[in-house]
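These are the residues of each chain, in order.
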Amino acid sequence: MSRSIEKSDAEWQTLLTSIQFHVTREKGTERPFSGEYWDFWSPGEYHCVCCDAPLFDAEHKFDAGCGWPSFWTAAAPENVESRDDHSHFMHRTEVLCQHCGAHLGHVFEDGPPPTGLRYCINSASIRHVARTTDD
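- As annotated in an unreviewed UniProt entry, the chain is Peptide methionine sulfoxide reductase MsrB from Parazoarcus communis SWub3 = DSM 12120.
- Regarding the chain, the UniProt comment filed under Sequence similarities (unreviewed entry) reads as follows: "Belongs to the MsrB Met sulfoxide reductase family."
- Here the chain is described in UniProt, under the heading Catalytic activity (unreviewed entry), as follows: "L-methionyl-[protein] + [thioredoxin]-disulfide + H2O = L-methionyl-(R)-S-oxide-[protein] + [thioredoxin]-dithiol".

Here is the structure:
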């Protein structure tokens, strides 16, 4: 798929930490309860760590008890892409940044109303942008 932002692995490696590169470019997963945002509750938005596209809003975040930041919807659905993932002998739905193809995590159908979805997102794939008083 053609992306609006494309870089080589070498270019991504100069821009990202080793865990950010592993998660976003190699489809890795951080250990549960280890990421920066699993228990972080400040207002704001969560942007893609690779390309800064807005993805999720803190108002949609909930404690799923799984050890990863969880959201019941994407704040900018046009920036989030999903695709079937058959890795690790499982069938899941992978979530990616539509602009740069960064692996964000997976979405499951065991979340709260109103969507019933749980976007289970790696902290290493997002960065928090605080909400200003003008927002």
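Additional details are given in the paragraphs that follow.
1. Observations concerning the overall build of the chain
- On a plain count of helices and strands, the chain comes out with two helices and nine strands.
- Taken against the 2.2 N^0.38 rule, which gives 14 Å for 135 residues, the C-alpha radius of gyration of the chain at 14 Å falls within 12% of a compact globule.
- Taking the contacts inside the chain whose residues are at least 6 apart along the sequence as the reference set, 54% of them involve residues at least 24 apart.
- A total of about 7,300 Å² of accessible surface is found on the chain, and carbon and sulfur atoms cover 50% of it.
- A gap of 4 Å separates the mean positions of the 11 positive and 21 negative side-chain charges of the chain.

2. With respect to empty space enclosed by the protein
- In the structure shown here, the tally under the stated rule is one cavity of 30 Å³ or more.
- Of the pockets and cavities examined, the largest cavity occupies roughly 40 Å³.
- If you trace the largest cavity, you find it lined by Trp38, Trp41, Lys61, Phe62, Asp63, Ala64, Gly65, Cys66, Gly67 and Trp68.
- Its residues assigned to classes, the lining of the largest cavity shows six nonpolar, two polar and two charged.

3. Points about the pattern of salt bridges
- Inspection of every chain in the model, using the stated rule, returns six salt bridges.
- Notably, a salt bridge pairs Asp110 with Arg118, separated by 2.8 Å at the nearest N-O pair.
- Each of Asp57, Glu59 and Arg131 takes part in a single network of salt bridges with overlapping partners.

4. Side note on the packing of aromatic side chains
- As enumerated under the stated definition, the model contains six aromatic pairs in all.
- Geometrically, the ring pair formed by Tyr37 and Phe40 is edge-to-face, given 5.3 Å between the ring centres and 70 degrees between the ring planes.
- Here Phe56 and Phe71 contribute two aromatic rings whose centre-to-centre distance is 4.6 Å and whose plane-to-plane angle is 20 degrees, an arrangement assigned as stacked. Note that Phe56 is positioned in strand E2 (residues 54-57) and Phe71 in strand E4 (residues 70-71), a separation of 15 residues in sequence.
- Owing to a relative accessible area of 1%, Phe56 belongs among the buried residues under this scheme.
- Members of the aromatic cluster, connected to one another through ring pairs, are Tyr37, Phe40, Tyr46, Phe56, Phe71 and Tyr119.
- For Lys7, the ring lying beneath its charged end belongs to Trp12, and the centroid distance is 5.7 Å.

5. What to know about the layout of surface pockets
- Here the largest pocket defines a volume of roughly 220 Å³.
- Looking at the largest pocket, it is lined by 14 residues, and the ones nearest its centre are Arg3, Arg25, Leu96, Cys100 and Gly101.
- Across the lining of the largest pocket, the residue classes break down as five nonpolar, three polar and six charged.
- Estimates place the volume of the second largest pocket at around 150 Å³.
- If you go around the second largest pocket, the residues you meet are Ile19, Gln20, Glu30, Arg31, Ser34, Gly35, Glu36, Tyr37, Ser123, Ala124 and Ile126.
- In the lining of the second largest pocket, the residues fall into four nonpolar, four polar and three charged.

Calculation criteria
Throughout this document, residue positions are counted from 1 along each chain, in the order its sequence is written. Under the rules for a predicted model, residues below a pLDDT of 70 receive no local features and side-chain atom pairs below 80 are neither given nor counted, while totals for whole chains, interfaces and linings still include all residues. Working from all heavy atoms in the structure, the side-chain values ignore hydrogens and water. UniProt positions are given in the numbering used here, feature names are shortened, and annotations may be inferred rather than shown by experiment. Elements are defined by DSSP. Helices are runs of H or I of four residues or more, strands are runs of E of two residues or more, and each kind is numbered from the N terminus. For a compact globule the rule gives 2.2 Å times the number of residues to the power 0.38, and the radius of gyration it is set against comes from C-alpha atoms. Whether two residues touch is decided by their heavy atoms; if any such pair falls within 4.5 Å, the residues are in contact. For every accessible area listed, the method is Shrake-Rupley and the probe measures 1.4 Å; residues are considered covered only by the protein chains on display. Charge convention: Lys and Arg are scored as positive, Asp and Glu as negative, and His as well as the terminal groups of each chain are ignored. In plain terms, the charge of a residue is placed at NZ if it is Lys, CZ if Arg, CG if Asp and CD if Glu. Think of a 1 Å grid over the protein atoms and nothing else: a 1.4 Å probe that fits but is trapped marks a cavity, an open set flanked by protein within 12 Å on at least five of seven lines marks a pocket, and residues with an atom within 4 Å of a point count as lining. Grid points are joined across faces, edges and corners, and a volume is the space filled by probe spheres set on the points. Three classes are used: nonpolar for Ala, Val, Leu, Ile, Met, Phe, Trp, Tyr, Cys and Pro, charged for Asp, Glu, Lys and Arg, and polar for all others, with Gly counted as polar. Each salt bridge in this description consists of a side-chain nitrogen of Lys or Arg and a carboxyl oxygen of Asp or Glu lying within 4 Å of one another. Working definition: rings of Phe, Tyr and Trp (its six-membered ring) pair if their centres are within 6.5 Å, and the pair is stacked with planes under 30 degrees apart, edge-to-face with planes over 60 apart, and tilted otherwise. Categorising residues by exposure relies on relative accessible area from a 1.4 Å probe, with only protein chains included: less than 20% of the type maximum marks a residue as buried, more than 50% marks it as exposed, and the intermediate range marks it as partly exposed. Placement of a charge over a ring requires the Lys NZ or Arg CZ to be within 6 Å of the ring centre, with the centre-to-atom vector within 35 degrees of the ring normal.

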